[in-house]
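Letter by letter, the chains look like this.
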Amino acid sequence: MNYIDQTIAFVKKELEGAEAGHDWFHIQRVYNNALNLLKTEQANDQIVVLGALLHDIADSKFHNGDETIGPKKAMDFMTLIDISDEVKEHVVKIIENISFKGGNFNRTFQSKELEIVQDADRLDAIGAIGIARAFNYGGFKNRSIYNPSEKPKFGMTKEEYKKHEGSTINHFYEKLLLLKDLMNTETGKKLAENRHQYMEDFLAQFFNERDGKM
């Protein structure tokens, strides 16, 4: 079994029963997005593949905010397969730096591989799938769909963002609608355009229906 098959088998087992927006199928979509981006971006394929497959192996929001579990699980797994130390360390850096975290933290690590995996992950957070994931997670956390008395919060620190529990509609303004302009790669930027517009159209429809206009 090659390293990709080994990693897929490990991730599938680890994410059994995971919240549907962060389960194996999310990982699969991010992996496929990353492969598509690799067609136009020059990068180390192995690092991108492992980064995409392992990026959410233990998302901190499902582990009381602990950001160390994911990198450790990924490293522990990679030590069991034939992966060089350089690749392992790079993949861990991707996992540590991929998250949005309110968009207000200083990223200390840069690489083309991180840019590709981050774009692949962000593409899955927007568009039709992004909408479905947002409402699934909101329901999972028992958050309101929309509360007109709550306004979106901008400029949150990383810690404020992690603790924030606003409505799902507010989440569009606090994160999802911001991602188009945060894409790293030219291909990622182009792919984000249509998905972003789909969310804009959805929100316009949502508020028209709320106001009884349609």
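Residues numbered from 1 in each chain as written. Predicted model: local features only at pLDDT ≥ 70, side-chain atom pairs only at ≥ 80, totals over all residues. Heavy atoms only, no water.

**Student:** What should I look at first to understand the nonpolar core in this one?
**Tutor:** Side chains that are nonpolar tend, in soluble globular proteins, to be buried together. Ranked by size, the top nonpolar core spans 36 residues in total, and within it V11, L50, L53, L54, M78 and V91 carry the most contacts. Those elements giving two or more residues to this core turn out to be helix 1 (3-14), helix 2 (24-38), helix 3 (45-54), helix 4 (69-78), helix 5 (85-97) and helix 6 (112-123). What V11 contacts, discounting residues up to four positions off in sequence, is W24, I27, L53, L54 and I57. (Core = buried A, V, L, I, M, F, W, Y, C linked by side-chain atoms within 4.5 Å. Buried < 20%, exposed > 50% of the residue type's maximum accessible area, 1.4 Å probe, protein only. Helix = DSSP H or I, 4+ residues; strand = E, 2+ residues; numbered from the N terminus. Contact = heavy atoms within 4.5 Å.)

**Student:** Please explain the pattern of salt bridges as it appears in this structure.
**Tutor:** Pairing between side chains becomes possible if they bear opposite charge and their charged atoms approach one another. According to the stated counting rule, one finds 11 salt bridges in the structure shown. K72 serves as the salt-bridge partner of D76, at 2.8 Å between the closest nitrogen and oxygen. Of the two residues, D76 and K72 both sit in helix 4, 4 residues apart, roughly one turn of that helix. (Salt bridge = Lys/Arg side-chain N within 4 Å of Asp/Glu carboxyl O.)

**Student:** What exactly am I supposed to notice about the layout of surface pockets here?
**Tutor:** To locate leftover empty space, one rolls a probe as large as a water molecule over the atoms. Size it by volume and the largest pocket reaches roughly 1200 Å³. Lining the largest pocket are 45 residues; nearest its centre among them are H22, D59, K61, Y161 and K175. Elements supplying a minimum of two residues to the lining of the largest pocket: helix 4, helix 5, helix 6, helix 7 (127-140), helix 8 (158-163) and helix 9 (168-174). Split into classes, the residues belonging to the lining of the largest pocket amount to 11 nonpolar, 15 polar and 19 charged. (1 Å grid on protein atoms, 1.4 Å probe; cavity = no way out; pocket = protein on both sides within 12 Å on 5 of 7 lines; lining within 4 Å. Points joined across faces, edges and corners; volume = space filled by probe spheres on them. Nonpolar A, V, L, I, M, F, W, Y, C, P; charged D, E, K, R; others polar.)

**Student:** Sorry if this is basic, but what is going on with the packing of aromatic side chains here?
**Tutor:** Within a pair of aromatic rings, the relevant descriptors are the distance that separates the centres and the angle that separates the planes. Tallied over the full model, the rule gives 9 aromatic pairs. Ring plane angle 80° and centroid distance 5.9 Å describe the contact between Y146 and F206, whose orientation is recorded as edge-to-face. Of the two residues, Y146 sits in the loop between helix 7 and helix 8 while F206 sits in helix 10 (residues 186-210), which places them 60 residues apart along the sequence. Centroid distance F206 to F207: 5.3 Å. Interplanar angle 85°. Geometry classified as edge-to-face. One Lys or Arg, K61, reaches over the ring of Y137 and ends 5.9 Å from the middle of that ring. (Phe/Tyr/Trp six-rings, centres within 6.5 Å; stacked < 30°, edge-to-face > 60°. Lys NZ or Arg CZ within 6 Å of the ring centre and 35° of its normal.)

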